[in-house]
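Below, each chain spelled out in residue letters.
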Amino acid sequence: LARSLNTGISKTIGLILPSISDSFYAHIAHQIESEAEKEGYSLMIASSNSEIERENAMIRLFRSKQVDGIAPTKISKREISRLVESRYPVLLFDRYFPEMRVNYVIINNEESSYKLVRHLIDKGFRKIAIITTNPHLLTMDMRREGYANALSDAHIRINPDLYGEVTYVNYQENIYSTMDRIFSAVPDVDAFFFTTHILAIEALRYFYDRGINDGNWGLACMHEDSLFRVLAPKMNIAHFPIEEIGSNAVRILLNQIRQSNDPEAGEYVPESKVLPCRMEFRDQ
């Protein structure tokens, strides 16, 4: 800290994750740490538990620790705005705000969702439910749009009874009521599209607890979990490019850090990166 006060550089990056127990974010953290170490940087990691105020506090804490840049992943729009206004190096991944001039790295949410749902349609499924969460997040809204566009292009009516929105808080319990409602309204639902792997895992738990076993369903999910290979081997997947997310996140953030410490550098122009998912259709 003393050295950073003299030089303005601490050679550390602050990473804020919704949950360190989530395999996706754990893999992202590992990749970012590996990429940062190549550049002589170390990583400080905090978990927000998907709580806005906690993430805001973590951002303020990292600033007080003189980290050179911050990469939050959730929805702290207020604190992110303050970082941007003060020209503090910041990068968002898996989230972004189009009205902000801020670095971000995301996947092609709408296109990947479209491809998954279109695959289910091409396999003959017509009553496809979507299980999603956090509709206020633009990335989740884009996944919903991909679902809706795939149905529309196939001239399939969008049935609101097949829309399942699970609140993120206590989602393990809330998904049960959501799934019960869908099965009650549309007993012959024939496919499920999950906008996150966490929701898919909880849905599989729901099927087991309810004694539901229908191997003829169509299944599709944004991102993979190792459990799928055993519990849902026919789950179609949009694989997130974790290595590319990590490498691009570090590259972009370090570019801004270096420019912010260069007195001769001009105004920083934020960089954005939209990465394609690798599609894997396992029900062939």
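Quick note: structure is the one above.
Let me sum up the structure you'll find in this document. (Residues numbered from 1 in each chain as written. Predicted model: local features only at pLDDT ≥ 70, side-chain atom pairs only at ≥ 80, totals over all residues. Heavy atoms only, no water.)

**Focus on the packing of helix α5 (residues 109-122) against helix α6 (residues 138-153)**
Okay, so step 1: α6 packs onto α5 with a crossing angle of 35 degrees between their chain directions and a minimal axis gap of 7 Å. Crossing of α5 against α6: the hand is right-handed. Residues Asn109, Glu110, Ser113, Tyr114, Val117, Arg118 and Ile121 of α5 touch α6, and the partners they reach there are Thr139, Met142, Arg143, Glu145, Gly146, Tyr147, Asn149, Ala150, Leu151 and Asp153. (Axes fitted to C-alpha atoms, helices over the stretch in contact; angles between N-to-C directions. Helix = DSSP H or I, 4+ residues; strand = E, 2+ residues; numbered from the N terminus. Left-handed = near helix turned anticlockwise from the far one by under 90°. Contact = heavy atoms within 4.5 Å.)

**Brief notes about the nonpolar core**
Okay, so step 1: Grouped together as the largest cluster of nonpolar side chains are 73 residues, with contacts concentrated most on Phe93, Ile128 and Phe192.
Okay, so step 2: Residues Val67, Ile80, Leu83 and Met100 belong to the second largest nonpolar core, which totals 19 residues. (Core = buried A, V, L, I, M, F, W, Y, C linked by side-chain atoms within 4.5 Å. Buried < 20%, exposed > 50% of the residue type's maximum accessible area, 1.4 Å probe, protein only.)

**Digging into the side chain of Thr195**
Okay, so step 1: One can find Thr195 in the loop between β8 (191-194) and α8 (197-209).
Okay, so step 2: Setting aside anything within four residues of it in sequence, one finds Thr195 in contact with Ile130, Ile131, Thr132, Thr133, Met140, Arg143 and Met222.

**Some thoughts on a nonpolar patch on the surface**
Okay, so step 1: There is a patch of nonpolar side chains on the surface, built from Leu227, Val230 and Leu231 and spanning about 300 Å² of accessible area.
Okay, so step 2: Considering the arrangement of structural elements, one finds Val230 in helix α9 (residues 228-231).
Okay, so step 3: What makes Val230 exposed here is its relative accessible area of 67%. (Patch = residues over 30% accessible without salt bridge, like charges linked within 9 Å, V, L, I, M, F, W, Y side chains within 5 Å. Areas by Shrake-Rupley, 256 points an atom, 1.4 Å probe, with all protein chains shown as cover. Salt bridge = Lys/Arg side-chain N within 4 Å of Asp/Glu carboxyl O.)

**Examining the packing of helix α3 (residues 52-64) against helix α4 (residues 77-85)**
A pair of packed helices is characterised by two quantities: the angle between their axes and the separation of those axes.
Okay, so step 1: Viewed as axis vectors pointing N to C, α3 and α4 meet at an angle of 25 degrees, and their least axial separation amounts to 8 Å. Classified by the interaxial angle, the pair formed by α3 and α4 is roughly parallel. Contact residues: α3 offers Glu53, Asn56, Ile59, Arg60 and Arg63, while α4 offers Arg78, Glu79, Arg82 and Leu83.
Okay, so step 2: Partitioning the contact of α3 with α4 into residue classes produces two nonpolar, one polar and six charged. (Parallel < 35°, antiparallel > 145°, perpendicular 65-115°, else oblique. Nonpolar A, V, L, I, M, F, W, Y, C, P; charged D, E, K, R; others polar.)

**Here's the deal with the sheet that holds strand β6 (residues 128-132)**
Hydrogen bonding along the main chain pairs the strands of a sheet, whether they run parallel or antiparallel.
Okay, so step 1: Across the sheet, six strands lie side by side as β7-β6-β8-β9-β10-β12; this open sheet has mixed pairing. If you trace the sheet from one side to the other, it starts and ends with β7 (163-165) and β12 (278-280), each paired once. Ignoring which end each strand starts from, the neighbouring axes of this sheet average 15 degrees apart.
Okay, so step 2: Bridging between β6 and β7 involves three bridges; their strand directions are parallel. Note on β7: the bridge partner recorded for Thr132 is Glu165.
Okay, so step 3: The sheet contacts of α6 involve β6, β7, β8 and β9 (218-222), and relative to β6 the element is tilted by about 175 degrees.
Okay, so step 4: The strands that α8 touches are β6, β8 and β9; relative to β8, the one it contacts most, it runs at about 145 degrees. (Pairing = 2+ DSSP bridges.)

**Re unusual backbone geometry**
Okay, so step 1: A positive phi is found at Gln66, a non-glycine position, where the angle reads about 65 degrees.
Okay, so step 2: Positive phi outside glycine occurs at Asp94, with the angle close to 70 degrees.
Okay, so step 3: Of note, Asp94 is situated in the loop between β4 (91-93) and β5 (103-107).
Okay, so step 4: You can call Asp94 buried: its relative accessible area is 10%.

**A word on the side chain of Ser113**
Okay, so step 1: Structurally, the position occupied by Ser113 is in helix α5.
Okay, so step 2: Non-local contacts of Ser113, meaning those with residues more than four positions away in its chain, are made with Arg143, Gly146, Tyr147, Phe193 and Met222.

**Quick notes on the pattern of salt bridges**
Okay, so step 1: This model, assessed by the stated rule, comprises 17 salt bridges.
Okay, so step 2: With its nearest N and O atoms 3.5 Å apart, the salt bridge here joins Arg143 to Asp94. A residue pair is termed long-range when its members are at least 10 positions apart, and Arg143 in helix α6 and Asp94 in the loop between β4 and β5 qualify at 49 residues. With respect to burial, Arg143 and Asp94 carry one shared label: buried.
Okay, so step 3: One network of salt bridges, in which partners are shared, links Glu224, Arg229, Glu280 and Arg282.

**Observations regarding the packing of aromatic side chains**
Okay, so step 1: Within this structure, the stated rule accounts for 14 aromatic pairs.
Okay, so step 2: Pairing Phe24 with Tyr25 gives two aromatic rings, centres 4.8 Å apart and planes at 65 degrees, and the pair type is edge-to-face. Take Phe24 and Tyr25: they sit in the same class, and that class is buried.
Okay, so step 3: Plain terms: the ring middles of Phe192 and Trp217 are 5.5 Å apart, the flat faces sit at 80 degrees to each other, and that makes the pair edge-to-face. (Phe/Tyr/Trp six-rings, centres within 6.5 Å; stacked < 30°, edge-to-face > 60°.)

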